[in-house]
Amino acid sequence: MDFLYLLVKSLLLPPGLFVLFMVLGFMFRRLSFIILTLVTLYLFSTPFVARQLVSGLEIYPALTEAQVSKNQAQAIVVLGAGRYPAAPEYNGNDMAAGLVRMRYAAYLHRKTGLTIYATGGSPYQKGVASEAELMKKSLEQEFNTGPVIVEGESANTRENALFTAKLLKQAGIKKVFLVSNAWHLPRAVTEFSRTGIEVVPAPTQLSGKGGVSYRQWLPRSFAGSRIAFREYLGQAWYKLHSLWDGFQGEPAGIEASK
C-alpha cells in the first residue's frame with residue numbers, strides 16, 4: 001500500500017506529472033500537447049510561479065505580539081515535517097525539515113510558558129524513533145523548552161489531529177496554538193477543528209511577496225511547486241475522505257488571525 005501511494009504521488013507531483021504528460025504526448029503524436037507540457041514544465045520550475053502557488057495557500061497571517069500575549073490558548077501543538085534519514089553527523093536522526101516549526105514553537109513557549117505537544121510518527125521507517133520523539137529531544141535539549149509531550153503514532157495530518165486531540169482532551173485542553181508552515185496550516189487547521197479542539201493558527205516561514213526580477217523567471221527546481229501541488233491534492237483528498245466518513249458543513253472552532 002505504501003508503495004502504491006508513493007507511486008501515485010510521484011506521478012501526480014512535479015516533475016513526474018510532466019513526464020507523464022510528455023509520454024502521453026509522444027504516444028498520441030500530439031505536438032501541441034508536447035509543446036504545452038514543455039512550457040508548463042518551465043513555468044513550474046521558476047521561483048515566481050512557485051511562490052504564487054505557495055502564497056495562495058497562506059491564508060493565515062503571522063501572529064502579532066499582542067495576539068500571542070493576550071490569547072487564551074492552553075497549549076502549543078507543533079506538527080512534524082519529515083526527517084533527514086541519512087544525517088551521519090546526528091547518527092541518522094535529524095529533523096532539519098521541521099526546524100522552522102520547532103523554532104517557532106519554542107518561541108511561543110518562551111512568550112507564553114505553555115506546554116508543547118509534538119506530533120508525528122515514522123510511517124515509512126519501522127523500528128526507528130518517531131518524528132515527535134526527535135522533536136522532543138531537540139526542543140528540550142537545544143531549545144530548552146522543558147518537558148514536551150509526544151504523540152508518535154500518527155502517519156499523516158489527519159492522524160496528527162485525531163491522536164493529539166485525545167491527549168489534549170485527557171489533559172482538559174480545549175484551545176491550542178497550532179504551529180506549522182503557513183502553506184500547510186489550511187489542511188492542519190481543518191483537521192484539528194474537526195476533532196472539537198479550538199485552534200489558533202500559528203504559521204511560520206511565510207513566503208512573502210518578494211520583488212520581481214529576471215532571476216525569478218530562471219528555472220531552478222520544482223521544490224516550491226511540489227509543496228503547493230501536494231497541499232492542494234491533500235486538501236482535495238481530505239474533503240473527499242470527509243464526505244465518505246459522513247462529515248458535513250464547515251469545520252467549526254477556527255479562530256482566524258486578524
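From a predicted model like this one, the values you see are computed outputs, not experimental measurements.

1. Focus on helix H7 (residues 131-141)
Note: α-helices contain 3.6 residues per turn, so residues at a spacing of three or four share the same orientation.
Stage number 1. The complete set of buried residues in H7 reads Glu131, Ala132, Leu134, Met135, Ser138 and Leu139. Buried residues of H7, seen end-on, are gathered within an arc of 160° and therefore sit on one face of the element.
Stage number 2. Structurally, H7 contributes buried residues whose contacts are with strand E1 (75-79), helix H6 (99-112), strand E2 (116-119) and strand E3 (148-151).

2. Quick notes on the packing of aromatic side chains
Stage number 1. If you walk through the whole model with that rule in mind, you get 3 aromatic pairs.
Stage number 2. Pairing phenylalanine 44 with phenylalanine 229 gives two aromatic rings, centres 5.3 Å apart and planes at 80°, and the pair type is edge-to-face. Linking phenylalanine 44 in helix H3 (residues 31-44) with phenylalanine 229 in helix H10 (residues 223-245), this pair joins segments that are 185 residues apart in sequence. One exposure class covers both phenylalanine 44 and phenylalanine 229, and it is buried.
Stage number 3. Relative to tyrosine 107, the ring of tyrosine 104 lies with its centre 5.8 Å away and its plane at 15°, an arrangement referred to as stacked. Pair noted here: tyrosine 104 and tyrosine 107 are both in helix H6, with a separation of 3 residues, about one helical turn.
Stage number 4. The side chain of arginine 158 reaches across the aromatic face of tyrosine 238, ending 5.0 Å from its centre.

3. Focus: the sheet that holds strand E5 (residues 198-204)
Stage number 1. Read across the open sheet, the 5 strands follow the order E3-E2-E1-E4-E5; overall the sheet is parallel. The strands lining the two open edges of the sheet, one partner per strand, are E3 and E5. Shown here is a sheet whose adjacent strand axes are inclined to one another by a mean of 25°, direction ignored.
Stage number 2. Bridge analysis of E2 against E3 gives 4 bridges, and the strand direction is parallel. Bridge pairing in E3 places tyrosine 117 opposite isoleucine 149.
Stage number 3. Of the strands in this sheet, E1, E2, strand E4 (175-181) and E5 are in contact with H6, which crosses E4 at around 150°.
Stage number 4. Across the sheet, helix H8 (residues 157-170) lies against E1, E2, E3 and E4, angled at about 130° from E3, the strand it touches most.

Rules of the game
- Residues numbered from 1 in each chain as written.
- Predicted model: local features only at pLDDT ≥ 70, side-chain atom pairs only at ≥ 80, totals over all residues.
- Heavy atoms only, no water.
- Buried < 20%, exposed > 50% of the residue type's maximum accessible area, 1.4 Å probe, protein only.
- Helix = DSSP H or I, 4+ residues; strand = E, 2+ residues; numbered from the N terminus.
- Arc of directions from axis to C-beta.
- Contact = heavy atoms within 4.5 Å.
- Phe/Tyr/Trp six-rings, centres within 6.5 Å; stacked < 30°, edge-to-face > 60°.
- Lys NZ or Arg CZ within 6 Å of the ring centre and 35° of its normal.
- Pairing = 2+ DSSP bridges.
- Axes fitted to C-alpha atoms, helices over the stretch in contact; angles between N-to-C directions.

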